[in-house]
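# Structural overview
Residue-level listing of the chains:
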Amino acid sequence: MNPSNAMIVFIIGSITLMLFAFTLVVFLIVHKKKRFQHLLEKQQMENNYQNQLLLSRLEVQEQSFKYFSEEIHDNVGQLLSMVKMQLYSIRSGSHEEETVNKASSCTDLLGKAINDLRNISHTMSSAFVSNAGLADAVEKDLEYIRSAKEMKCTLHQQGEEYSLGSEKELLIFRIIQEGIANAVKHASPTAIDVYLDYTPSTFGVTIADNGSGFVASEKTTGGIGLNNMHMRAGLLNGTLNVTSEKDKGTSIKLDLGIGN
Amino acid sequence: MFEWIIPKSKMILDYSYYTALILVIVIGSFRFQLFDKGIKIMYLCMVTGAINEILVYISKRFNFNTMPLYHVYCVVEFFIITVFFLNTVNFSRKRLYILLSAIVLPTLGYCNLVFLQPKTGLNSNMFILESMCVIAMSLYSLYTILADDFVTVVHNDPYFWFWVFFLILYSGTFFFWAYIVPISKNVKLMDIAQNIQVIINICVYVGIGSVFFFYPKMVKK
């Protein structure tokens with residue numbers, strides 16, 4: 001082969017091979033980029049689907065709460081009020097001191113029971129949270145715990161209160177309720193403190209108790225209550241951190257970015 | 001006919017080539033602690049190349065024949081590149097392949113030296129074989145990325161870039177080695193072809209140097 005022909009073959013061959021290499025590399029990068037995009041979209045769709053499922057589940061739960069709340073308020077509450085009235089009439093109609101005393105005692109206990117039931121009914125109702133606002137609803141819940149369990153329950157509020165929207169506030173309220181219920185049920189604390197921290201860009205809730213606490217390694221798989229809290233925090237796009245130490249109490253912290 | 005492809009001054013090109021190679025070595029030495037095994041092998045390949053260039057430079061200064069150096073360097077470079085690919089692509093019997101390469105490549109180099117191309121002549125056969133094998137290994141490595149659905153981002157993978165650089169470098173040099181014998185009959189054309197090779201080498205070294213430089217920011221596979 002003469003040098004000029006060889007040179008032409010060399011140049012054309014090299015250019016062709018290099019073009020092939022470039023095309024291959026570009027194709028690979030573009031293909032992977034598209035695949036990445038596709039996976040992202042798939043992930044997004046899966047997340048949306050999961051969120052829809054969670055929302056449906058929570059909606060069913062809220063419907064049950066509403067049903068129980070109405071039943072307590074309209075049915076059991078009314079019945080107990082009637083019993084209370086009957087006891088009043090027994091007390092006022094009786095001349096025996098022992099009967100009067102027992103009727104009075106029963107009336108007082110019944111009054112307390114009616115009051116507690118009304119509180120429970122209120123705190124179960126989603127309408128109550130949206131009407132009263134988050135802070136008042138939490139205060140009401142703590143008031144009920146205070147009267148029912150005789151423990152020191154305090155609400156601390158920092159920053160100027162603002163509305164987070166009724167749906168969000170309901171989810172947050174349920175998280176707080178779950179946290180308090182867990183503390184009361186498992187930790188036997190003498191005090192529970194709830195902190196609502198309002199800042200312009202973030203909102204935080206801390207539920208702290210001085211109960212028995214737990215060692216993190218012993219609770220590797222969270223219970224239903226804790227899972228529900230995490231699930232709700234996920235729906236709020238928030239982060240939920242649980243810290244606990246044996247005999248030193250537990251602290252549950254929820255952080256939300258405002259504008260999520 | 002082909003003068004427009006290359007700069008007129010060969011010296012500028014040569015010095016650019018040496019500068020690029022030195023820069024790669026210097027950048028690599030700064031990042032060396034961060035490198036994983038595969039990248040360290042790549043760096044070793046660059047160091048070997050630099051040592052060969054220094055020896056070739058010295059030999060030329062003393063008017064020695066540089067061809068024996070290329071006979072040895074080609075086998076060493078081929079072996080290091082093979083080990084690099086074996087380390088960066090998941091092979092099940094990696095050690096066996098490394099051992100086979102360690103036996104087969106020097107044997108082939110020796111056979112070429114004894115039976116085909118003497119030590120005073122150019123060992124283009126070995127370079128052609130090296131080009132074909134490296135192109136095949138690069139294509140296979142890129143295929144593994146393509147076939148792996150779990151790999152979604154490739155531009156942050158240093159191995160990916162090295163495979164690409166090898167593919168481009170050897171795609172650009174394969175035909176040079178294949179046609180070097182007829183081209184070398186014309187000195188002017190040979191100069192042009194050599195300069196094209198130097199330009200391709202400079203581009204690849206700049207790429208390799210960039211990967212070494214940005215290595216800490218890259219996600220390892």
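Residues numbered from 1 in each chain as written. Chains lettered and ligands numbered in written order. Predicted model: local features only at pLDDT ≥ 70, side-chain atom pairs only at ≥ 80, totals over all residues. Heavy atoms only, no water.

So, on to the overall build of chain A. A count of helices and strands for chain A gives six helices and five strands. Relative to its full complement of 260 residues, chain A shows a buried share of 37%. Considering only contacts in chain A between residues 6 or more positions apart, those separated by 24 or more positions represent 67%. In the structure as shown, chain A presents an accessible area of about 15300 Å², 56% of it carried by carbon and sulfur atoms. (Helix = DSSP H or I, 4+ residues; strand = E, 2+ residues; numbered from the N terminus. Buried < 20%, exposed > 50% of the residue type's maximum accessible area, 1.4 Å probe, protein only. Contact = heavy atoms within 4.5 Å. Areas by Shrake-Rupley, 256 points an atom, 1.4 Å probe, with all protein chains shown as cover.)

Take the interface of chain B and chain A next. Taken together, the contact between chain B and chain A spans 35 residues of the former and 27 residues of the latter. Between chain B and chain A, roughly 2600 Å² of surface is buried when both sides are summed, and carbon and sulfur atoms account for 84% of that area. When the buried area of chain B at its contact with chain A is split by residue, L146, T152 and F175 of chain B rank highest and sum to 22% of it. The interface formed by chain B and chain A includes zero salt bridges. At the surface where chain B touches chain A, the tally comes to three residue pairs in polar contact (both at pLDDT 80 or more). (Buried area = accessible area lost by both parts, 1.4 Å probe. Salt bridge = Lys/Arg side-chain N within 4 Å of Asp/Glu carboxyl O. Polar contact = N/O pair within 3.5 Å; in protein donor to acceptor, adjacent residues only side chain to side chain.)

Computed from the structure, the largest pocket encloses a volume of approximately 1100 Å³. Those elements that place two or more of their residues in the lining of the largest pocket are α1 (10–31), α2 (37–61), α3 (67–88), α5 (124–147), α6 (158–178) and α8 (187–214) of chain B. Tallied by class, residues from the lining of the largest pocket come to 28 nonpolar, eight polar and six charged. Its volume calculated, the second largest pocket comes out at about 520 Å³. Lining the second largest pocket are 18 residues, and of these L55, E167, K168, L170 and L171 of chain A sit closest to its centre. Sorting the residues of the lining of the second largest pocket by element identifies α1 (3–93), α3 (126–132), α5 (166–187) and α6 (224–235) of chain A as the ones contributing at least two each. Considering each element in turn, the lining of the second largest pocket owes the most residues, six residues, to α1 of chain A. Partitioned by chemical class, the residues of the lining of the second largest pocket number six nonpolar, six polar and six charged. (1 Å grid on protein atoms, 1.4 Å probe; cavity = no way out; pocket = protein on both sides within 12 Å on 5 of 7 lines; lining within 4 Å. Points joined across faces, edges and corners; volume = space filled by probe spheres on them. Nonpolar A, V, L, I, M, F, W, Y, C, P; charged D, E, K, R; others polar.)

For chain B, per-residue confidence averages 86 on the pLDDT scale, and 95% of positions sit at 70 or higher. In the model output, the complex is listed with pTM 0.66 alongside ipTM 0.81. (pLDDT = per-residue confidence, 0-100.)

Now for unusual backbone geometry. Phi is positive for S188 of chain A, which is not a glycine, with a value near 45°. Note that S188 of chain A resides in the loop between α5 and β2 (191–198).

On to the packing of aromatic side chains. The full count for this structure, using the stated rule, is 29 aromatic pairs over all chains. Between Y162 of chain A and Y198 of chain A, the aromatic rings sit 5.0 Å apart at their centres with planes inclined by 80°, giving edge-to-face as the arrangement. Pair noted here: Y162 of chain A is in the loop between β1 (152–158) and α5 and Y198 of chain A is in strand β2, with a separation of 36 residues, a long-range link. Judged by relative accessible area, Y162 of chain A falls into the partly exposed class, the value being 24%. For Y198 of chain A, a relative accessible area of 3% translates into the label buried. Its end group placed over the ring of F213 of chain B, R31 of chain B keeps NZ or CZ at 5.3 Å from the ring centre. (Phe/Tyr/Trp six-rings, centres within 6.5 Å; stacked < 30°, edge-to-face > 60°. Lys NZ or Arg CZ within 6 Å of the ring centre and 35° of its normal.)

Once that is clear, we can look at the pairing of β2 of chain A. Looking along a regular strand, one sees side chains alternate from face to face of the sheet. All names here are of chain A. Of all eight residues that make up β2, six are buried, and the element is covered over most of its length. One ladder, built from seven bridges, connects β1 with β2; its direction is parallel. Counted as the bridge partner of T154 is D193 from β2. Following the chain from β1 across α5 to the adjacent parallel β2, one finds a crossover that is left-handed. One ladder, built from seven bridges, connects β2 with strand β3 (residues 202–209); its direction is antiparallel. Paired with Y195 across the bridge in β3 is T206. (Pairing = 2+ DSSP bridges. Right-handed = clockwise from strand over helix to strand, strands pointing away.)

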